[in-house]
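Chain by chain, the residues run as shown.
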Amino acid sequence: MKYIKVAAVTAAIALAATACGGDGKDGDAGDGKDPAQLKVWMMGDGTPEQTKILDGVEAEFKKKHPNTDVQVKYVPWPQVATTFQKAAAGGEGPDVTELGNTDVQSHIEQGSLADITDEFKGWADGKTLNKTALGNDTADGKTYAVPWYGGVRGVWYRTDWFQELGIQPPKTWADLSAAAKKVQDSKKVPGIGIPSDQTNALLSFVWGNGGEVASDDGNGGFKGQLDQPAAVEAVKYYAGLVTTEKVAPEKYVGKNELEGPQRDFALGKLGMYIDGSWALKEMKKVSEKNADKWAVFPIPAKTGGNAPVMAGGSDLAVWKDSKAKGAAFDYITLLNDAKNAKIWADYSGFSSMRSDVKFSDPKLEVFTAIAGNTKFPPISAGWGEFEQAKKVLPNAVKAIMQGKSAEEEMKKANEQANTLLNP
Amino acid sequence: MLDTAPAVRRAPGRRTSGRARPRRRPRFGPYLLIAPTVVVIAVLMFWPMVQIGIMSFQKVGNRQLRGEPAETVGTENFDKIFNDPFFWQTLRHTVLFAVVAVSLTLVVGTLVGLLLNKLGKRMSSFVAGGVMVAWATPPVTAAIIFSWLFGTTGGLVNWCLDLLPDFLVGGGWSDYNWFATPLSTYTVLTVCVVWQACPFVAVSVLAGLKSVPGELYEAARVDGSGPWRTFWSLTYPMLKPIFLVLVVMSIIWDFKVFTQLFIMAGMANRDAFNLSLYGYSEAFGSLNPKLGMGSAIALVLTLILLVVTALYVRVMVRQGETR
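Below or above, wherever it landed, is the structure these notes cover.

Here is what the cut-offs are and how they apply
Residues numbered from 1 in each chain as written. Chains lettered and ligands numbered in written order. Predicted model: local features only at pLDDT ≥ 70, side-chain atom pairs only at ≥ 80, totals over all residues. Heavy atoms only, no water. Helix = DSSP H or I, 4+ residues; strand = E, 2+ residues; numbered from the N terminus. Buried < 20%, exposed > 50% of the residue type's maximum accessible area, 1.4 Å probe, protein only. Contact = heavy atoms within 4.5 Å. Core = buried A, V, L, I, M, F, W, Y, C linked by side-chain atoms within 4.5 Å. Domains from an automatic or database assignment. Buried area = accessible area lost by both parts, 1.4 Å probe. Salt bridge = Lys/Arg side-chain N within 4 Å of Asp/Glu carboxyl O. Polar contact = N/O pair within 3.5 Å; in protein donor to acceptor, adjacent residues only side chain to side chain.

**Structural notes on the environment of A:Val189**
Residues and elements named next belong to chain A.
- Structurally, Val189 is set in the loop between α8 (173-187) and β8 (192-193).
- The class of Val189 is buried, set by a relative accessible area of 12%.
- Distance from Val189 to Asp264, taken between C-alpha atoms, is 9.7 Å for residues 75 residues apart in sequence.
- Not counting residues up to four positions away in its chain, the partners in contact with Val189 are Trp161, Val183, Gln184, Gly268, Lys269, Leu270 and Gly271.

Next up, the structure:
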């Protein structure tokens, strides 16, 4: 008798287990038919405002696809790499996803994105998109993603302090050091925050001196330029703000702009620091007290004028495993139409990649001017590793700030660039 | 469970009938009972290790994760890491950290254990409860708390050091960045790891001390032995088996430290990497995962730990012989 009981229980458990795993058919909809669910991945922490905007987009989307629910998942930036790896391995990927623009080429190279060339051709608004940014989304003449928004960095400063001390917004490197020194001497706070882990800011100095990370080697590969005098001089100046000019504190060595400078500036404990338009809202969360005295000037080039800035930002793509490519692309065009792009730009503080969309807030206008001079790092599938896994430039800058020879460190960094950018 | 009673009742009858079956079945039974455990361990622990062994000779990236066949590259992954001075740097960090952290953990833990044994009942449970909190804290929480304590803006440690007179600790502490150089990073890491690990040592030592007969200590006191002498001539030999096990376990734990360092140094400070963090950054650090390289590094770490574990098992077996 007891064997029968055991057998019955075992069978029941087995049945229950298979029943749990047996409903994998819901999401599979054939071509042309609307899926029950459209999975959208957004990067970052996801604020209530962001959710509200995306809810609005979903409502519009439902007009065309009434049977499809949009499910948004937020992926915090530090978890991006592992989350996408899991998506590639497990097939549990999204339909539509936001991508960091410097990661697009890596994704294309790894075959993670769907080819949307035909869909893109049929989208009239495609013509309004920034050409450089669009170039970053193509490979071998095929389009894999659509530029969404971009952000550029400027130097945040205190208007009240600059006025009181009679400082004009710096136009050259010399002006910048002098301004930092003046603020530091009279306000008893560090003049400027120069963290070592801020590749974007560093690149503006390299480009502002006529330098490059790497140039085209003529065979579709890259040749490192980091050991050239222009780049070395720029890194020396950047690190020198900490070591020789002593207008930037050592406490940000090994850190990035979010690990101290942003907070310190918001609290009035730092004269200047480099960050983007989106920092305004983050700093207000720290302290609203001096918010009306914060302003921005462009990162200066060595001898005057605005240095080129790296347009960090995001693109929208259809994940290769998506079974609803058409609906997914519809969602992208809705999210990035003129109306929603404007709402998004005003909310996020990021510039739209559409030529027909501008910020409403006059305070952020300076960023529109800064964005007039953008540049991209080498469009290579290896940039992700160069920047994220190996942190080549941050580690070189850190070593230089700690007294190593700039020539030597940049030579090493250049060797890394030569191997990593040509995967 | 309920069925055991009738089985016992039926047993005598079988014995008289002289059948061998009931005697053979219990011998087979234990293996049957342990089989699920063995299977689970094999699937969950042994198989991943075999996988890592295989992958360390392959090139595995996102394309392979999607299902493309992995390309075998021979010993290329190992050639790469052994020829990379960075690997040796991380290995050096790993070993040096383990040596320092293990010694400190044992010294501090033993002292706390001795203290617990000396204290009265109430105070002893109070202190024991306190150290248990440290042990119970998840590593992530502990690491975040310690990076706050040692933070450059508003960190408690810098604030305290700055308040102390300059002739004692030197000046300029308010802005001191603990996570800028490997040495200072590892100092914070050591404090954090030792803080978390010493309660286990303390409690184990306490348990050992409780088993030492009190007369021995009385005799020692009568003979005029001081605390130092008493410890080395009496306590240490009595607790030696416990100490041996604790040393080996601490070595294994401290070789594998990852969470705390990952949170404190992060990916930006490669000069402070240890082996685990190096392996992680190769395998998962960017969108181009190099799981083959990561596996190769993990395999090296595993082999080192296997040697330590072999030592551990030997110690355990020897203990069994002497008792």
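There's more to say after this.
**What to know about the nonpolar core**
All names here are of chain A.
- Of all hydrophobic cores here, the largest spans 79 residues; its most connected members are Trp156, Phe205, Met272 and Phe386.
- Of all the elements, helix α10 (residues 229-243) adds the most residues to this core, at nine residues.
- Per-domain counts for this core show at least three residues from each of domain 1 (37-151 + 311-374) and domain 2 (153-309 + 380-421).
- Among residues more than four places away in sequence, those in contact with Met272 are Val155, Trp156, Tyr157, Phe162, Leu176, Ala179, Ala180, Gly191, Ile192, Gly193, Phe265 and Phe297.

**Focus: unusual backbone geometry**
All names here are of chain A.
- One non-glycine residue, Lys246, lies in the positive phi region at around 55 degrees.
- Among the secondary structure elements, Lys246 is positioned in the loop between α10 and α11 (261-266).
- Its relative accessible area of 52% is what places Lys246 among the exposed residues.
- With a phi close to 45 degrees, Lys391 is a non-glycine residue in the positive phi region.
- Summarising the element assignment, Lys391 is placed in the loop between α16 (383-389) and α17 (392-401).
- A relative accessible area of 15% places Lys391 in the buried class.

**Brief notes about the interface of chain B and chain A**
- Taken together, the contacts link 29 residues of chain B with 41 residues of chain A.
- Interface area, chain B with chain A, both sides summed: about 2900 Å², of which 44% is carbon and sulfur.
- Together, B:Arg66, B:Thr153 and B:Leu287 form the three largest contributors to the area buried by chain B at its contact with chain A, with a combined 26%.
- At the surface where chain B touches chain A, the tally comes to four salt bridges.
- A salt bridge links A:Lys251 to B:Asp175, with the shortest nitrogen-to-oxygen separation between them at 3.5 Å.
- There are 17 residue pairs in polar contact (both at pLDDT 80 or more) connecting chain B and chain A.

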